[in-house]
Amino acid sequence: MSAANPGLAARRRKSALRTLGFLSPWLIGFGVFFGYPLGATVYFSFMKYDGFTDPVWNGFDNWTYVFTDYPFFWPALGNTLWLVAVMVSLRVVFGLGIGMLLTKIKTAPGLFRTFFYLPYLAPPVAATMAFVFLLNPGTGPVNTVLDFFGLPQPGWFSDAAWSKPALTLLALWGIGDLMVIFLASLLDVPKEQYEAAELDGVGPWARFRYVTLPNISPILLFAVITGVIDTLQYYTQPIVASKVSSGVIGGSGQQFEPGYPEKSTLTVPQTVYNLGFQRFDTGAASVVALVLFVIAMAFTALLMRRRSGFLTAED
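Cut-offs applied
- The residue count restarts for each chain, going from 1 along the sequence in the order it is written.
- pLDDT decides what is reported in this predicted model: residues at 70 or higher carry local features, side-chain atom pairs at 80 or more are listed and counted, and totals for whole chains, interfaces and linings draw on all residues regardless.
- Heavy atoms throughout the structure, all of them, feed into the side-chain values; hydrogens and water do not.
- For helices the rule is a DSSP run of H or I covering at least 4 residues; for strands it is a run of E covering at least 2, with both sets numbered from the N terminus onward.
- Radius of gyration here uses only the C-alpha atoms, and the compact-globule reference equals 2.2 Å multiplied by the residue count raised to the power 0.38.
- Think of it in three bands: with a 1.4 Å probe and only protein chains considered, a residue is buried below 20% of the maximum accessible area for its type, exposed above 50%, and partly exposed in between.
- In what follows, a contact means two residues having at least one pair of non-hydrogen atoms within 4.5 Å.
- Centres within 6.5 Å make a pair out of two Phe, Tyr or Trp rings, where for Trp the six-membered ring is used; the pair is then stacked when the planes are under 30 degrees apart, edge-to-face when over 60, and tilted otherwise.
- Remark: a charge is flagged as sitting over a ring if the NZ atom of Lys or the CZ atom of Arg is within 6 Å of the ring centre and within 35 degrees of the ring normal.
- To get an axis, a line is fitted to the C-alpha atoms, and for a helix only the part in contact is used. The angle between two axes follows their N-to-C directions and goes from 0 to 180 degrees.
- Note on angle classes: values under 35 degrees are labelled roughly parallel, values over 145 roughly antiparallel, values of 65 to 115 roughly perpendicular, and the remainder oblique.
- Crossings are classed by handedness, with left-handed meaning an anticlockwise turn of the near helix from the far one by less than a right angle and right-handed meaning a clockwise turn.
- Only Asp, Glu, Lys and Arg are considered charged, only Ala, Val, Leu, Ile, Met, Phe, Trp, Tyr, Cys and Pro nonpolar, and every remaining residue, Gly among them, polar.
- Excluding any residue in a salt bridge, patches collect residues exceeding 30% relative accessible area, merging like charges within 9 Å and nonpolar Val, Leu, Ile, Met, Phe, Trp and Tyr side chains within 5 Å.
- Computed with the Shrake-Rupley method and a 1.4 Å probe, the accessible areas treat only the protein chains shown as cover for residues.
- By convention in these notes, a salt bridge is any Lys or Arg side-chain nitrogen within 4 Å of a carboxyl oxygen on Asp or Glu.

Undergrad: Would you take a moment to explain the overall build of the protein chain for this structure?
TA: Secondary structure assignment for the protein chain yields 13 helices and two strands. Relative to its length of 315 residues, the protein chain is extended, with a C-alpha radius of gyration of 25 Å against a globular reference of 20 Å. Expressed as lengths along the three principal axes of its C-alpha atoms, the size of the protein chain is roughly 95 × 70 × 30 Å. The buried share among the 315 residues of the protein chain stands at 35%. For the protein chain, the share of sequence-separated contacts (at least 6 apart) that also reach a separation of at least 24 residues comes to 68%.

Structure representation (structure tokens):
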């Protein structure tokens, strides 16, 4: 027995090394593109660093500044959480609704699927600029139509109360990604289950609740988690909308504080850029980046713990 142990140990070592070899590309990528940046961000969050001079230890000064003195952090956090709650929910509901609608279309279904998917292919900057001009409160065609019917005409991107709903409309317009995912999952639901439910006299709502939802629940969970993570990183559309609607489109020497109007389009990723690349305060920018990371991880962990609300016992 003792003579066999060295051979067994050698085989286990070879197996472990072989496994490590197969994992090495992922481990290297994880270390270079995630582990090291995360460690560096934690390190710089305790340093006074402008990106040019040597970092100097300053303890919790960066954290104190971000949470108590930096005027954009709390408005940005509030706006981001609002977008997570409202935009993600509406995108999931709207994407699922469009997917269910397309499963019922029998005439030229490919044409309708292309029609709903095409907006997703529009470049984010171009799409945002187009929406700003369409929703221009003075000359935009949307308010012109509303005025023709005698309806109220919101200020949209020029009104702090309407800027986030306008961004949500933009996100719903580009719903093609979720539509395709939900459509594929809906088409994969066994038709026999629908037929059995109809034979039992089950109504449309009950069929959706007891047949459709249990079958697409993993996709629903995936859509919510990825939607939350993407919205926490929401940057391009709000900053382009705020620049265009405020008249600051670009140009050398122009200074622009994000969030127009009245910080209503300010998001947490914008504060990272504002601190790190406009104010050259890398330490404070690292603090905000870490807060964003913790929030994303907390949301993901919460959704995974509550996955029983999405997944059935068979999953």
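Undergrad: I would appreciate a short explanation of the packing of aromatic side chains in the present structure.
TA: Two aromatic rings, taken as a pair, are described by how far apart their centres are and by the angle between their planes. A full pass over the atoms with the stated rule returns 23 aromatic pairs. On the numbers, 5.2 Å between centres and 65° between planes, the contact of Tyr43 with Phe44 is edge-to-face. For Tyr43, a relative accessible area of 41% corresponds to the partly exposed category. Between Phe46 and Trp63 the ring centres are 6.1 Å apart and the planes differ by 35°, which places this aromatic pair in the tilted class. Within this pair, whereas Phe46 is found in the loop between helix H1 (4-44) and strand S1 (47-48), its partner Trp63 is found in helix H2 (residues 61-69), the two being separated by 17 residues in sequence. Here the aromatic cluster, defined as three or more aromatic residues joined through ring pairs, consists of Phe46, Trp57, Phe60, Trp63, Phe67, Phe73 and Trp74. The positively charged end of Lys164 is found above the aromatic ring belonging to Trp82, 5.7 Å away from the centroid.

Undergrad: I tried to follow the packing of helix H3 (residues 73-104) against helix H8 (residues 176-187) on my own but got confused; where do I start?
TA: When two helices pack together, their arrangement is given by the angle between the helix axes and by the axis-to-axis distance. Running from amino to carboxyl end, H3 crosses H8 at an angle of 50°, the nearest separation of the two axes being 8 Å. As summarised for this structure, H3 and H8 are arranged oblique, according to the angle between their axes. When you trace H3 past H8, the crossing you get is right-handed. Contacts between H3 and H8 involve Arg91, Val92, Gly95, Leu96, Ile98, Gly99, Met100, Leu102 and Thr103 from the former and Asp177, Leu178, Met179, Phe182, Leu183, Leu186 and Leu187 from the latter. Among the residues making up the contact of H3 with H8, the classes are represented as eleven nonpolar, three polar and two charged.

Undergrad: Is there a simple way to explain a nonpolar patch on the surface in this structure?
TA: On the surface, a nonpolar cluster with roughly 700 Å² of combined accessible area is contributed by Leu17, Leu20, Leu23, Trp26, Leu27, Phe30 and Phe34. Structurally, Leu20 is set in helix H1.

Undergrad: How should the environment of Tyr70 be read in this particular structure?
TA: One can find Tyr70 in the loop between H2 and H3. As for Tyr70 and Ala223, which are separated by 153 residues in sequence, their C-alpha atoms are 33 Å apart. Setting aside residues no more than four positions away along its own chain, Tyr70 makes contact with Tyr65, Thr271, Asn274, Leu275 and Arg279.

Undergrad: Help me understand helix H11 (residues 236-246), please; the structure alone is not making it clear to me.
TA: Along an α-helix, a turn takes 3.6 residues, which lines up residues three or four apart on a common side. Among the eleven residues of H11, eight are classified as buried, and the element is accordingly described as predominantly covered. Those residues of H11 that fall on the buried side of the exposure criterion are Gln237, Pro238, Ile239, Val240, Ala241, Ser242, Val244 and Ser245. Buried residues along H11 sit against helix H5 (124-134), helix H7 (163-173) and helix H12 (268-278). One or two positions beyond H11, positive phi appears at Gly247, with a value near 90°.

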